[in-house]
Amino acid sequence: MKKLLLIRHAKATHESGYIDFDRPLKQSGMQDAVLMATLLKGQLQIPQTIITSPALRTKTTAEIFANHFKLSAPGEDKRIYEASENTWVKVINSLPDEYDFIGVVGHNPGISQILYYLTSQLKEMPTCAVAVITFENDSWQSISEEDGKLVHFDSPKG
């Protein structure tokens, strides 16, 4: 069985002077990431590793979760930035099989699209939302449409 934790990056600044890739988290976004990581830890929903888009706001979000979970530094996959549903499927299918529970930090609209693709659950992922999906599959490579079951969904907005 495989488990996937989808995390949308926390709230980032929209101030001018930053290209999209380099937008930092707002203070409220950092607080939201700590809150969500603390809630997941309290429910023992702790992945073995975290993979993230290399954009600053996703990397910072991933680092906050990794620190809270006492995991090593998150791995990066540049495909996650601006990923379409098709690219998300490729990312998930290439996750390392030695891990049964992996967290992936990404962006909308792709993260909401992949949640629907995997679970048939139509949910908008607001900033710092988390979704835990379980799969009966033994290999990440075999995961495809509607294979997953959404077992946990939460966001700072409640």
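See the structure above.
These figures come from a predicted structure and were not determined experimentally.

What counts and how
- Residues numbered from 1 in each chain as written.
- Predicted model: local features only at pLDDT ≥ 70, side-chain atom pairs only at ≥ 80, totals over all residues.
- Heavy atoms only, no water.
- Salt bridge = Lys/Arg side-chain N within 4 Å of Asp/Glu carboxyl O.
- Helix = DSSP H or I, 4+ residues; strand = E, 2+ residues; numbered from the N terminus.
- Buried < 20%, exposed > 50% of the residue type's maximum accessible area, 1.4 Å probe, protein only.
- Phe/Tyr/Trp six-rings, centres within 6.5 Å; stacked < 30°, edge-to-face > 60°.
- Lys NZ or Arg CZ within 6 Å of the ring centre and 35° of its normal.
- Core = buried A, V, L, I, M, F, W, Y, C linked by side-chain atoms within 4.5 Å.
- Contact = heavy atoms within 4.5 Å.

(A) The arrangement of the pattern of salt bridges in detail. Applying the stated criterion across every chain yields a total of six salt bridges. With a closest N to O distance of 3.7 Å, Asp-97 and Lys-2 form a salt bridge. With Asp-97 in the loop between α3 (85-93) and β4 (101-106) and Lys-2 in strand β1 (residues 2-8), the pair connects residues that are 95 residues apart, well separated along the chain. The exposure class of Asp-97 is partly exposed, given its relative accessible area of 39%. The exposure class assigned to Lys-2 is buried, which follows from its relative accessible area of 1%. Its salt-bridge partner being Asp-77, residue Arg-79 comes within 2.8 Å of it at the nearest N-O pair. With a relative accessible area of 33%, Arg-79 lands in the partly exposed category. The structure contains a network of salt bridges with shared partners spanning Lys-2, Asp-97 and Asp-100.

(B) Structural view of the packing of aromatic side chains. Evaluation of the coordinates by the stated rule reveals three aromatic pairs. Between Phe-65 and Phe-69, the ring centres sit 5.9 Å apart and the planes meet at 65 degrees, which makes this aromatic pair edge-to-face. Of this pair, Phe-65 and Phe-69 both sit in helix α2 (residues 56-69), separated by four residues, roughly a single helical turn. Per residue, the accessibility class of Phe-65 equals that of Phe-69, and both read buried. Residues Phe-135 and Trp-140 carry aromatic rings whose centres are separated by 6.3 Å and whose planes lie at 70 degrees to one another, so their mutual orientation is edge-to-face. Judged on exposure class, the residue Phe-135 and its partner Trp-140 are both buried. The lysine or arginine in question, Lys-3, covers the ring of Phe-101, its NZ or CZ lying 4.5 Å from the ring centre.

(C) Here's a closer look at the nonpolar core. Counting residues in hydrophobic clusters, the biggest one holds 25 residues, and the most contacted among them are Leu-4, Leu-6, Trp-88, Ile-92, Ile-114, Leu-118 and Trp-140. At the level of elements, β1, α3, β4, α4 (110-119) and β5 (130-135) are the ones that each hand at least two residues to this core. Counting residues per element, this core draws most heavily on α4, at five residues. If sequence neighbours within four positions are ignored, Ile-114 has contacts with Leu-6, Glu-85, Trp-88, Val-89 and Ile-92.

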